[in-house]
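Breakdown of the fold
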4 protein chains.
Amino acid sequence: MTDTYTHEIRVTWGDCDPAQIVYTARIPWFALDAINAWWQDTLGDGWFQMELDRNIGTPFVSMALDFLHPITPRHRLICEVYPTRLGQTSISFAVNGRQDGVLCFEGRFTNVFVDPKAFKKTIPPEDIRSHVQKYLRAEGT
Amino acid sequence: MTDTYTHEIRVTWGDCDPAQIVYTARIPWFALDAINAWWQDTLGDGWFQMELDRNIGTPFVSMALDFLHPITPRHRLICEVYPTRLGQTSISFAVNGRQDGVLCFEGRFTNVFVDPKAFKKTIPPEDIRSHVQKYLRAEGT
Amino acid sequence: MTDTYTHEIRVTWGDCDPAQIVYTARIPWFALDAINAWWQDTLGDGWFQMELDRNIGTPFVSMALDFLHPITPRHRLICEVYPTRLGQTSISFAVNGRQDGVLCFEGRFTNVFVDPKAFKKTIPPEDIRSHVQKYLRAEGT
Amino acid sequence: MTDTYTHEIRVTWGDCDPAQIVYTARIPWFALDAINAWWQDTLGDGWFQMELDRNIGTPFVSMALDFLHPITPRHRLICEVYPTRLGQTSISFAVNGRQDGVLCFEGRFTNVFVDPKAFKKTIPPEDIRSHVQKYLRAEGT
């Protein structure tokens, strides 16, 4: 498990609400930052470059998150990211956020690959498929 | 169905990403704005007043959203909100967002009622229970 | 003064930080929402439609804000918006935010008109110029 | 100048608007993240810890930014941060953001020190004063 990709987030005062914990709506944002960082740090290109340079869009079709523990600025938020499923035209990710070793949220996300101009589902290019396959991992393993 | 609560959102340029549609991470934010507005417009108090004046916190334990159609600034986003379940110490909401009559996202959200100081689950006061019960509706009805 | 354009914002729990007031970085965001709403409600088109349908971009070159009073979810935030200067290729706006009659922030903003493709300064079309001129008002009047 | 504090920001797809550059309202947010990081990385405590552990609030009284060059996800945004003035009860910061060596924005920010409970101006403790003095630098030097 030592080689799972992680993305670190500095949680701030401005991310928190009056309950002194991160406002819930910030957490999917953090998770998306983590998925974008996964693409950028493993493939070399984030969503911006994928869409503009590679002509591949990956709009989200679903997300589901469980919030297990409050997130605060006391510790960095370490987001573990890995693809859990690669379909013909879709990809699913797990994003699990931890602070000081404590699991704070678990998220599951699914994108479809699209041609950005037509905004229609498309099969991703082979280099993307083979890249993702190297990182595929069943959930809970 | 004519009396379901709806919250209207003016979608802006700044909500959109380079694909010219609303950035995915904004959508749970919109949905939470809609749930907060439901409390404020039906009960009279939003989360801020519930926590500070009524001493009731409602942290989220889960959310799940399906994204069915892109959201743009071309139309207002009309978010239908209703509670779907009232447990002993929890409440679930449906939030369905439409633009120009087209369903753009469906979201399901669960909060627990807590004592804000202890951050422990608590049974909500009777006036909150009876308020919610008036609006309870099965999903899909 | 009764006919100055105002844009109303519902301030929420999620806009606030642990000091129980709106986080400072949200306030320029509110002010930009107010300027976008001014365009949309007076001209008929917000920034999204101006850029995509009218081929006019208005990037910001400067902003300056004074924060005079904390903003909370206790009242709606009423943002008064008016253009204060129309240059050959630029426009300046005043945005003043009030809650319950109390001035909370004063902001001054300057945009340039650009051709979105070239991202070069351009003279705005005559209908835009004459539209803005109807609303021009010196600051402090 | 080699020892000026810098804070690095990964600019993302979600920070950008349909013009394919960072949405203006995100830039003050970035600058505040940079000031908070300056406190956290030089003093050891960010705003959250300052307010909750040290009982020092630093609400903003003003900000002014010039936007000189569009910001994109093509490069990291390097924010140089330093205090430019320490008054009896206030502090001013310069935040200058660069991408690939190009100055993208210049910002000037002023906070007052307050007692968080009373929300009244207060003289900061001596260890904060002496800490800030080590980093004070005239603008433009």
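Residues numbered from 1 in each chain as written. Chains lettered and ligands numbered in written order. Predicted model: local features only at pLDDT ≥ 70, side-chain atom pairs only at ≥ 80, totals over all residues. Heavy atoms only, no water.

1. What to know about the pattern of salt bridges
Stated formally: For this document, the term salt bridge refers to a Lys or Arg side-chain nitrogen within 4 Å of an Asp or Glu carboxyl oxygen. A helix here means a DSSP run of H or I that spans at least four residues, while a strand means a run of E at least two residues long, and both kinds are numbered starting from the N terminus. For the exposure calls, accessible area comes from a 1.4 Å probe over protein chains only, and a residue counts as buried if that area is under 20% of its type's maximum, exposed if over 50%, partly exposed in between.
With the rule as written, the count across this model stands at 36 salt bridges over all chains. Linking D41 of chain A and R10 of chain D is a salt bridge whose minimum nitrogen-to-oxygen distance equals 2.9 Å. Of this pair, D41 of chain A sits in helix α1 (residues 26–43) while R10 of chain D sits in the loop between β1 (5–9) and α1 (26–43), which puts the two residues in different chains. For R76 of chain D, the salt bridge identified is with E8 of chain D, shortest N-O distance 3.2 Å. Here E8 of chain D lies in strand β1 and R76 of chain D lies in the loop between β2 (60–67) and β3 (77–86), a separation of 68 residues in the sequence. Among the residues examined, E8 of chain D registers a relative accessible area of 48% and is labelled partly exposed. Via salt bridges that share partners, D45, R54 and D127 of chain A belong to a single interconnected network.

2. Looking at the interface of chain B and chain C
Going by this rule: In this description, contact between two residues means that some pair of their heavy atoms is separated by no more than 4.5 Å. Buried area adds together the accessible area that both of two parts lose upon being put together, with accessible area traced by a 1.4 Å probe. Under the rule applied, a polar contact is a pair of N or O atoms within 3.5 Å (in protein, one hydrogen donor and one hydrogen acceptor; residues adjacent in sequence only if both atoms are side-chain atoms). When residue character is reported, Ala, Val, Leu, Ile, Met, Phe, Trp, Tyr, Cys and Pro are called nonpolar, Asp, Glu, Lys and Arg charged, and the others, Gly included, polar.
In this complex, chain B contributes 23 residues to the contact, which on the side of chain C involves 23 residues. Summing the contributions of chain B and of chain C, the shared interface buries around 2,100 Å²; its carbon and sulfur component is 53%. The three residues of chain B that bury the most area against chain C are R10, W13 and F48 of chain B, which together make up 34% of that side's buried surface. Remark: the boundary between chain B and chain C carries four salt bridges. With its nearest N and O atoms 2.6 Å apart, the salt bridge here joins R74 of chain B to D53 of chain C. Linking chain B with chain C are eight residue pairs in polar contact (both at pLDDT 80 or more), by the criterion used here. At the level of secondary structure, the elements contributing two or more residues to the side of chain B that touches chain C comprise β1 (5–9), α1 (26–43) and α2 (47–53) of chain B. Classifying every residue of the side of chain B that touches chain C gives nine nonpolar, seven polar and seven charged.

3. Observations regarding the environment of Q99 of chain A
Residue and element names in this part refer to chain A. Positionally, Q99 belongs in strand β4 (residues 90–99). Spatially, the C-alpha atom of Q99 lies 9.3 Å from that of P70, the residues being 29 residues apart in sequence. For Q99, the contacting residues outside a window of four places in its chain are V11, P70, I71, T72, H75, R76, L77 and C104. From its side chain, Q99 meets the backbone oxygen of T72 in a polar contact 2.7 Å long.

4. Side note on the relation of the copies chain B and chain A
Just so we agree on the cut-off: Copies overlap after least-squares fitting; the atoms used are the C-alpha atoms of residues with pLDDT of at least 70 in both.
Mapping chain B onto chain A is achieved by rotating through 180 degrees and translating by 0.0 Å along the same axis, at an RMSD of 0.0 Å. This pairing of chains is accounted for by a two-fold axis. The position closest to the rotation axis in chain B is occupied by the C-alpha of A64 of chain B, lying 2.0 Å away. Comparing interface residues between copies, 100% of those in chain B also sit at the interface in chain A, which points to an isologous, same-surface contact.

5. Examining the environment of T122 of chain C
Residues and elements named next belong to chain C. Locating T122 in the fold gives a position in the loop between β7 (120–121) and α3 (126–135). Once the C-alpha coordinates of T122 and N96 are considered, the two residues, 26 residues apart in sequence, prove to be 28 Å apart. Discounting chain neighbours no more than four positions away, the residues touching T122 are T89, F113, V114 and D115.

Geometric values such as these leave the question of function open.
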